[in-house]
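Summary of structural features
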Amino acid sequence: SYFLYYQPIYNPRNNSVVAFEGLLRLRDRDNNIIPPSKFISEIENSDMLFQVSLWILQQSIKDYKILKRSTYFSNKDFYISINVSLSEIESKEFVYKAIKILANSNIGNNKICLEIIEKVKINDLSKITKYIKILKNAGFKIAIDDFGKEESNLLRLMQIPFSVLKIDKAVTWTIDTTSFSKDLISEIIYFFH
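Residues numbered from 1 in each chain as written. Predicted model: local features only at pLDDT ≥ 70, side-chain atom pairs only at ≥ 80, totals over all residues. Heavy atoms only, no water.

Below, the discussion takes up the overall build of the protein. Helices and strands together make up the secondary structure of the protein, namely 8 helices and 7 strands. Across the 193 residues of the protein, 41% fall into the buried class. Within the protein, counting contacts between residues at least 6 apart in sequence, those at least 24 apart form 64% of the total. When the accessible surface of the protein is summed, it comes to about 11800 Å², and 51% of that surface belongs to carbon and sulfur atoms. (Helix = DSSP H or I, 4+ residues; strand = E, 2+ residues; numbered from the N terminus. Buried < 20%, exposed > 50% of the residue type's maximum accessible area, 1.4 Å probe, protein only. Contact = heavy atoms within 4.5 Å. Areas by Shrake-Rupley, 256 points an atom, 1.4 Å probe, with all protein chains shown as cover.)

Shown next, in the form of structure tokens:
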């Protein structure tokens, strides 16, 4: 009953879809969609996050191939982004299984992006940096999600070799109404560009 719901990621400069974020969803017996807040804790408590994340990776690769065959995306470069936990990035077993799945897919480099929630405290920064470099070298994009939410550690973030920085909506929500938001976002873009 699990499936991936794809949310488009737009480039505002040319108003085109550049990627999709694959979000895990669950259908009940009546075909109603159950929100993640109702089932993610069950996955975590059952110690199934690792297996579910690998299934999400495999499903997103299958869906990438389907999207690539569509008329709109046949000649376009895009990627699919999926969420992973920091504990998975810290796991050698998870990292190498993910690399094997990607290598066997033959979809090429930078087609799948692993999104890591930035707010999670890092237990072993050197180990995480090592595994992120290995994942990037194997062809994954790496994104830091929810930057600016709660506490954002710039010094720690500078040490992580990410490809994409996703600024949290709490920061971007008032971009049209306050000059502070606009200035802050401009500085973040300048700093990490």
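From this point, the narrative continues.
What follows concerns the packing of aromatic side chains. Here the structure, examined in full by the defined rule, presents 7 aromatic pairs. Pairing Phe 73 with Phe 78 gives two aromatic rings, centres 4.7 Å apart and planes at 50°, and the pair type is tilted. Relative accessible area serves as the criterion here: at 6%, Phe 73 is assigned to the buried category. Each residue in the set Tyr 6, Phe 20, Tyr 64, Phe 73 and Phe 78 is aromatic and connected to the rest through ring pairs, giving one cluster. A cation over an aromatic ring shows up here: Arg 27 above the ring of Phe 3, its NZ or CZ 4.0 Å from the ring centre. It is Lys 141 that lies over the ring of Tyr 79; its NZ or CZ is 4.9 Å from the centre. (Phe/Tyr/Trp six-rings, centres within 6.5 Å; stacked < 30°, edge-to-face > 60°. Lys NZ or Arg CZ within 6 Å of the ring centre and 35° of its normal.)

This paragraph deals with unusual backbone geometry. Of note, Asn 31 is a non-glycine position whose phi angle comes to about 70°, a positive value. Relative to the elements of secondary structure, Asn 31 occurs in the loop between strand S2 (16-27) and strand S3 (33-34). Although it is not a glycine, Asp 47 sits at a positive phi angle of roughly 55°. As for its placement among the helices and strands, Asp 47 is situated in the loop between helix H1 (40-45) and helix H2 (49-69).

Attention now goes to the nonpolar core. Membership of the largest hydrophobic core comes to 38 residues, with the highest contact counts inside it found for Leu 57, Ile 89, Ile 112, Leu 114, Leu 135 and Phe 140. Among the elements that take part in this core, H2 stands out by supplying 7 residues, more than any other. Apart from the residues within four sequence positions on either side, Leu 135 is in contact with Ile 89, Val 95, Ile 99, Leu 114, Phe 140 and Ile 142. (Core = buried A, V, L, I, M, F, W, Y, C linked by side-chain atoms within 4.5 Å.)

With that settled, consider the pattern of salt bridges. Applying the stated criterion across every chain yields a total of 2 salt bridges. Lys 97 is the salt-bridge partner of Glu 93, the closest N and O atoms lying 3.3 Å from each other. Note that Glu 93 and Lys 97 are positioned in helix H4 (residues 92-105) at a spacing of 4 residues, about one turn of the helix. A residue is classified by how much of its surface remains accessible, and Lys 97, at 38% relative accessible area, is partly exposed. (Salt bridge = Lys/Arg side-chain N within 4 Å of Asp/Glu carboxyl O.)

Right, let's get into the environment of Ile 132. Here Ile 132 is to be found in helix H5 (residues 125-137). With 18 residues separating them in the primary sequence, Ile 132 and Leu 114 have C-alpha atoms 9.6 Å apart.

Here we take up the environment of Glu 115. Relative to the elements of secondary structure, Glu 115 occurs in strand S5 (residues 112-117). Overall, Glu 115 belongs to the buried group, its relative accessible area being 0%. Along the chain, Glu 115 and Val 84 lie 31 residues apart, while their C-alpha atoms are 5.8 Å from each other. Within the structure, Glu 115 has its side chain in polar contact with the side chain of Ser 81 (distance 2.6 Å). (Polar contact = N/O pair within 3.5 Å; in protein donor to acceptor, adjacent residues only side chain to side chain.)

Following the sequence through the fold, Glu 88 ends up in helix H3 (residues 86-89). Despite its burial, Glu 88 remains without a salt bridge, the nearest opposite charge being carried by Lys 97 at 11 Å. Only 2.5 Å separates the side chain of Glu 88 from the side chain of Ser 53, close enough to count as a polar contact. If we skip the residues at most four places from it in the chain, Glu 88 touches Leu 49, Phe 50, Ser 53, Phe 94 and Val 95. (Lys, Arg positive; Asp, Glu negative; His and termini not counted.)

Another point: H5. For H5, spanning 13 residues, the distance from its first C-alpha to its last is 18 Å, which sits close to the expected 18 Å at 1.5 Å a residue. When we look at burial in H5, the residues that qualify are Ile 128, Thr 129, Tyr 131, Ile 132 and Leu 135. Projection of H5 onto a plane perpendicular to its axis shows the buried side chains occupying an angular sector of 170°, all on one side. More than 90 degrees from the buried face of H5, the exposed residues found are Ser 126 and Asn 137. (Expected span 1.5 Å × (residues − 1). Arc of directions from axis to C-beta.)

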